Amino acid sequence: MTGPFVLCRLAGVDYFPKSINSRPVSHRPGVGYDFVMKFGILVFPGTWSDRDCGHALETLGQEIEYVWHADTDVDRFDALVVPGGFSYGDYLRAGAIARFSPVMESVSKFAVDGRGVIGICNGFQILCEAGLLPGALMRNDHLEFRCTWTDLRVENDRTMFSHTARSRDLLRVPISHGEGSYQADEDTISELEENERVVFRYSGPAGEVTPEWNPNGSVNNIAGIINKTGNVLGMMPHPERACDPLIGGEDGAAIFRAMFTEMSALG
Amino acid sequence: MPISQSELDEVALSRAEYEAIVDRLGRDPNPLELGLFGSLWSEHCGYKHSKPLLRTLPGDSDRLLTTLGTENAGVLDIGDGMAIAMKIESHNHPSAIEPREGAATGVGGIVRDIFAMGARPIALLNSLRFGKPDSARNRYLLDGVVGGISFYGNCLGIPNIGGEVVFASCYDGNPLVNAMCVGLVEDGLIMSARAEEPGDLLLLVGSDTGRDGIHGASGLASRTFEEQTELRSAVQVGNPFLEKVLIEACMEVIQLDSVVGLQDCGAAGITSGAIEMAERSDMGLRLDVSVVPRREEGMTPYEVMLSESQERMLLAVKPGREHEVESVFRKWDLDATRIGEFVDGDSVVILDGDEVLSETQIKVLTDPPEYEFDPPKPAWIVNLQAADLDAIPIPNDSPSDLLLKMLSTPNIASKLPVFRQYDHQVQTNTVVGPGGDAAVMRLKGSKRGISLSTDGNGRLCYLDPYIGGQIAVAEACRNVSATGGLPVAITDCLNFGSPETLDGQYQLMQAVAGIKKACEAFDIPVISGNVSLYNEAPGGAIYPTPVIGALGLLDDVRKHASAGFAGDGDIVYLIGSASLKGDASTLAGSEYLDVILGKVEGQPSLDLDLEVKTQQACRDGIVAGVVRSAHDVSEGGVAVALAEAAILGERGVVVDVALGGRWDAALFGEAQSRIIVTVAADRTGELERTAVNAGAPLLRLGTTGGDRIVVGDLVDLSLSDVSERWMCGFQDATQNTPPTTS
């Protein structure tokens, strides 16, 4: 692989070389090679967007396998999805019980190895509870469940989850949660902001990041963040619900696609 | 010792019914048996007032794979190796007492009915009715019910894609909470609620059994409101997480050929579930209450048999293979307990360990007396129908102001504040979500799609239950047709007052006859349903409110329409009428007459032949790709329908057709069988031919575009004003204004 494209390099971690199964399948002008990767999709009791994520990724040409929470071997995967739902009924606190599932220790090792992990909705909550991402998801400020389309402004387009878009682009992706208000202490928020670890923010249709367009009371309209090494993303919106124009849009596919598309050096 | 009235009241049996039991048993029933009879002979389980009427409903269709009333839900073959299971059910009385848990467990119960058929639940809908939202109590019920549905349904990962929220004084203190669930059966794995052979085992799976919900069927569902308030403990408490894992475990376990039958353990708990299973299987049953896992110590066999603890299912399993089933449930951290076996014979034997508590012929238990009636038409209905609507003066308000007022009434205003609390997208099949006429779902792996709607109109049924019953079916089907779906089946939830009054009997009988007539006109069957009687608050009976859930089929789901105008410069047509001349008779039972003029009267009417042709023309236009948007004309008439289509399509409209007659009736009259559609300016000829071929009248109304809503020289409003009133009306009525009564 030569030319203007380089391997995805984030904080010194090579992404694709660690992949076991990935192979390039196509070259898309201006973007790079697409790879077929093997995604492991975690399933806890109470998870429900496992099959939605599976369907979206398969439609995008990827291989998937569901991983029961009691399994601990995730080495065969190139990337992991921690999907949405109400794991263990979200009793105690969203994600608080799931983090103790046997599979989560393997997910931590997988993440430390630098392989990609995307946590969506309840998955984001679980990753926060497991300490793979900072902060916590609190109850929506208006105290109601909210299912609606949102516009996500891309804040950092140099991550392995967002490089298919450009900063300030808007991605139309729905939310569906009762506990999605992102909160963290001031130091954590400054650290996230300074190091551009906020990947997506809720915005208006013209890119305005204002309280009016904040659907849940998240600090600084934060919708998605990455870890320090850039290979773990947590986001409350559901990209798997926005992968087909027939059901309302396909902007969410850009996020999955970024995970299996080579990053442009020009990006 | 003769039985006391209070013992009979406890189980809601009449003295005559008790005597019939003694006669059939040849002895007095013991206390446990009395509880069994109370439940199985309740209206909720035994349909003693409604069965003769329900038998008259059309149940035939080439597509139908079940027989009405014999399974947990109806199942319809939709081709491509797929079948759809659907059913609607009420949870009115529990919701009146404990709105959050009542509504939540209503969702839980209907979902179990669907996966009991081997179908994966793919959609939920809700029809909700409350008293006027100016009362604090009604707001509490609204918040509780919506919160309960949101809390329970969202956790299950089943999209909640549509329904209704309606307010009328008659539902004060007796809200209607009707939940519909739709499931998809793939690979032909339809389950039945029966055993195959004597020797098959009966397994109870899921939750432990507690003291909650005892007397739910006989107590709550069969009494009027005044008697209920102290029955709070008869409301069950739901655990949606358990239900979710129970769904997954059952979907996994039905793949095993050792599982031969599946049954919801709902109203009247093990009593109804197990005994109905044995009855369907034409077998006897031995059941040991001592092995049923319990939540608390000291429960009596009576309590175990009648508990309505949620999230439980019954399985019929081949003998010697129960370990296969147990291991699946263990994976999901659920219990599976062998509690009995099916045997030769026709009796149910209930044991507590070695002690025989009861041995009773099943047919005696499950075949309650039926009540037939033929009441006269009440004089008050005759009087209401004879009201002279022409004599009602036209108000002095401007038509524009009246339209704004109509749009902001809570019955017409957008229900976004409700449905945004429901996950309507999970499973990623929702093509058209809530807020329009009907929802449209894709079916992955197939070009086909389905369209779903629930509809009812208590006010029209109150004025004329026969015509009102027809209109409920017509409108549910019209909603489905307005998305491009061919109506193929309905499910009905019959919400009525006491069947022990002549009024109640007349309403029930006439409404069922109306439903039957409309089904015959559409040539569709009623494939499942539920009856909720005794809906009486202190102020009297509710409006008779049959709620119809309709299923439509789309051969190609991409060819669908939604309600909002789809482009500027499109031509707006009205299918189903050749003129917009205002006629006072169309105000009968209308929202306008009720809300603006404070009257509920008149004679509703429906021409079923015109209805069928109108829907045909609309569907044909959508399937041919000519119709770009379609919106049914219902509450609020043409003016409200135009405004809604403009708001949803984010563009204005100019209507230049001559109106004539009474302008208020032209704008807000609710003549049935009308759909507003739009077509591209260069395809109007195609629509006109489509209408002619279907035999439906057609009227060109105007053109879309701009940022104003203009109707002749009557209405001229900015789209943003109209939008704001429609979007805020619901919240203003239910939250932003202080309640005026407690």
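Residues numbered from 1 in each chain as written. Chains lettered and ligands numbered in written order. Predicted model: local features only at pLDDT ≥ 70, side-chain atom pairs only at ≥ 80, totals over all residues. Heavy atoms only, no water.

Draft legend 1. How the structure looks around the overall build of chain B. Counting its secondary structure elements, chain B contains 26 helices and 27 strands. Here chain B has a C-alpha radius of gyration of 26 Å; the compact-globule value for 742 residues is 27 Å, and the two agree. Dimensions of chain B, computed from the C-alpha atoms along their principal axes, are close to 85 × 55 × 45 Å. Counting over 742 residues, chain B shows a buried share of 67%. Sequence separation of 24 or more characterises 85% of the internal contacts of chain B that already satisfy a separation of 6 or more. Just so you have it, chain B exposes about 24,100 Å², and 47% of that area is on carbon and sulfur atoms. (Helix = DSSP H or I, 4+ residues; strand = E, 2+ residues; numbered from the N terminus. Rg over C-alpha atoms; globule rule 2.2 N^0.38 Å. Buried < 20%, exposed > 50% of the residue type's maximum accessible area, 1.4 Å probe, protein only. Contact = heavy atoms within 4.5 Å. Areas by Shrake-Rupley, 256 points an atom, 1.4 Å probe, with all protein chains shown as cover.)

Draft legend 2. The overall build of chain A, seen in detail. Scanning chain A from N- to C-terminus turns up five helices and 15 strands. Counting all 267 residues of chain A, 60% fall into the buried class. In chain A, the proportion of contacts linking residues at least 24 apart, taken out of those at least 6 apart, comes to 73%. Accessible surface for chain A amounts to roughly 9,900 Å². Of this, 50% is attributable to carbon and sulfur atoms.

Draft legend 3. Just the side chain of S577 of chain B, in detail. All names here are of chain B. With respect to the secondary-structure elements, S577 resides in the loop between β21 (571–575) and α21 (591–595). Its relative accessible area of 15% is what places S577 among the buried residues. At 2.8 Å, the side chain of S577 forms a polar contact with the backbone oxygen of S579. Not counting residues within four places of it along the chain, the set of residues in contact with S577 comprises R674, P697, L698 and L699. (Polar contact = N/O pair within 3.5 Å; in protein donor to acceptor, adjacent residues only side chain to side chain.)

Draft legend 4. The arrangement of a nonpolar patch on the surface in detail. Residues and elements named next belong to chain A. A surface patch of nonpolar side chains, about 310 Å² in accessible area, is lined by Y91, L92 and I97. Looking at where L92 falls in the secondary structure, it is placed in the loop between β7 (79–82) and α2 (102–112). Residue L92 is classed as exposed on the basis of its relative accessible area of 75%. (Patch = residues over 30% accessible without salt bridge, like charges linked within 9 Å, V, L, I, M, F, W, Y side chains within 5 Å. Salt bridge = Lys/Arg side-chain N within 4 Å of Asp/Glu carboxyl O.)

Draft legend 5. Region of interest: the interface of chain A and chain B. Counting from both sides, the interface comprises 25 residues of chain A and, opposite them, 33 residues of chain B. At the boundary of chain A with chain B, total buried surface from both sides reaches about 2,400 Å², with 59% on carbon and sulfur atoms. Per-residue buried area on chain A facing chain B is highest for C147, L246 and I247 of chain A; these three make up 24% of the total on that side. Counting the contacts that link chain A with chain B gives three salt bridges. A salt bridge links R442 of chain B to D244 of chain A, with the shortest nitrogen-to-oxygen separation between them at 2.7 Å. Our count for the chain A to chain B interface comes out at 11 residue pairs in polar contact (both at pLDDT 80 or more). Broken down by secondary-structure element, the contributors of at least two residues to the side of chain A that touches chain B are α1 (50–59), β10 (146–154) and β11 (170–177) of chain A. Each residue belonging to the side of chain A that touches chain B can be placed in one class, and the counts come to 13 nonpolar, five polar and seven charged. (Buried area = accessible area lost by both parts, 1.4 Å probe. Nonpolar A, V, L, I, M, F, W, Y, C, P; charged D, E, K, R; others polar.)

Draft legend 6. Seen up close, the nonpolar core. Membership of the largest hydrophobic core comes to 129 residues, with the highest contact counts inside it found for I118 and F200 of chain A together with V111, L315 and F329 of chain B. Ignoring anything within four residues of it in the chain, the contact list for I118 of chain A reads L80, V81, V82, L127, F161, L233, M235, I255, F256 and M259 of chain A. Judged by nonpolar contacts, the second largest core, of 47 residues, contains Y592, A639, V653 and A666 of chain B. (Core = buried A, V, L, I, M, F, W, Y, C linked by side-chain atoms within 4.5 Å.)

Draft legend 7. Expanded view of the pattern of salt bridges. According to the stated counting rule, one finds 48 salt bridges over all chains in the structure shown. With a shortest N-O distance of 2.6 Å, E65 of chain A and R76 of chain A are connected by a salt bridge. Taken together, the residues E65 of chain A in strand β6 (residues 63–68) and R76 of chain A in the loop between β6 and β7 connect sequence positions 11 residues apart. Taking relative accessible area as the criterion, E65 of chain A reaches 26% and is therefore assigned partly exposed. Close ionic contact of E686 of chain B with R683 of chain B constitutes a salt bridge, the shortest N to O distance being 2.9 Å. Accessibility expressed as a relative area gives 28% for E686 of chain B, which makes it partly exposed.

Draft legend 8. A look at the sheet that holds strand β5 (residues 176–186) of chain B. Residue and element names in this part refer to chain B. Ordered by their spatial adjacency, five strands build an open sheet running β1-β2-β5-β3-β4, and the pairing between neighbours is mixed. Looking at the sheet topology across the chains shown, the edges are occupied by β1 (74–79) and β4 (160–167). The sheet shows a mean angle of 15° between the axes of neighbouring strands, taken without regard to direction. Both strand β3 (residues 120–130) and β5 contribute to a ladder of nine bridges, which runs antiparallel. Each bridged residue has a counterpart across the sheet, and for S127 the counterpart in β5 is N178. (Pairing = 2+ DSSP bridges. Axes fitted to C-alpha atoms, helices over the stretch in contact; angles between N-to-C directions.)

Draft legend 9. Spatial organisation of the side chain of E71 of chain B. Residue and element names in this part refer to chain B. Structurally, E71 is set in the loop between α5 (51–54) and β1. Only 3.0 Å separates the side chain of E71 from the backbone nitrogen of A193, close enough to count as a polar contact. Other than its neighbours up to four places away in sequence, E71 contacts T66, M117, S192, A193, R194 and R280.

Draft legend 10. Up close: the environment of E611 of chain B. Residues and elements named next belong to chain B. Take E611: it is sitting in helix α22 (residues 608–623). Overall, E611 belongs to the buried group, its relative accessible area being 0%. Spatially, the C-alpha atoms of E611 and Q672 are 7.6 Å apart, while their sequence positions differ by 61 residues. Apart from residues lying up to four places away in sequence, E611 is in contact with A474, R478, F522, L606, Q672 and S673.

Draft legend 11. Representation of unusual backbone geometry. Residues and elements named next belong to chain B. Backbone geometry at E311 places phi at a positive 60°, although glycine is not the residue there. Even without glycine at this site, S673 takes up a positive phi of about 60°. Take S673: its relative accessible area is 2%, and that puts it in the buried class.

Draft legend 12. Representation of a negative patch on the surface within the structure. The grouping of E279, D282, D346 and D367 of chain B at the surface amounts to a negative patch. Among the secondary structure elements, D346 of chain B is positioned in the loop between β10 (335–343) and β11 (347–352). (Lys, Arg positive; Asp, Glu negative; His and termini not counted. Charge placed at Lys NZ, Arg CZ, Asp CG, Glu CD.)

Draft legend 13. Representation of the packing of helix α16 (residues 399–407) of chain B against helix α26 (residues 719–736) of chain B within the structure. Residues and elements named next belong to chain B. Contact geometry of α16 with α26 gives a least axis separation of 7 Å together with a crossing angle of 35°. Contacts between α16 and α26 involve L404, K405 and L407 on the former and, on the latter, D721, V722, R725 and W726. For the contact of α16 with α26, the per-class residue count stands at four nonpolar, no polar and three charged.

Draft legend 14. Inspection of the confidence of the model for chain A at higher detail. On average, residues of chain A score 87 in pLDDT, and 86% of them reach the 70 mark or higher. This stretch, residues 1–21 of chain A, has a pLDDT under 50; its non-local contacts, to residues over four places away or in other chains, come to 63 contacts. (pLDDT = per-residue confidence, 0-100.)

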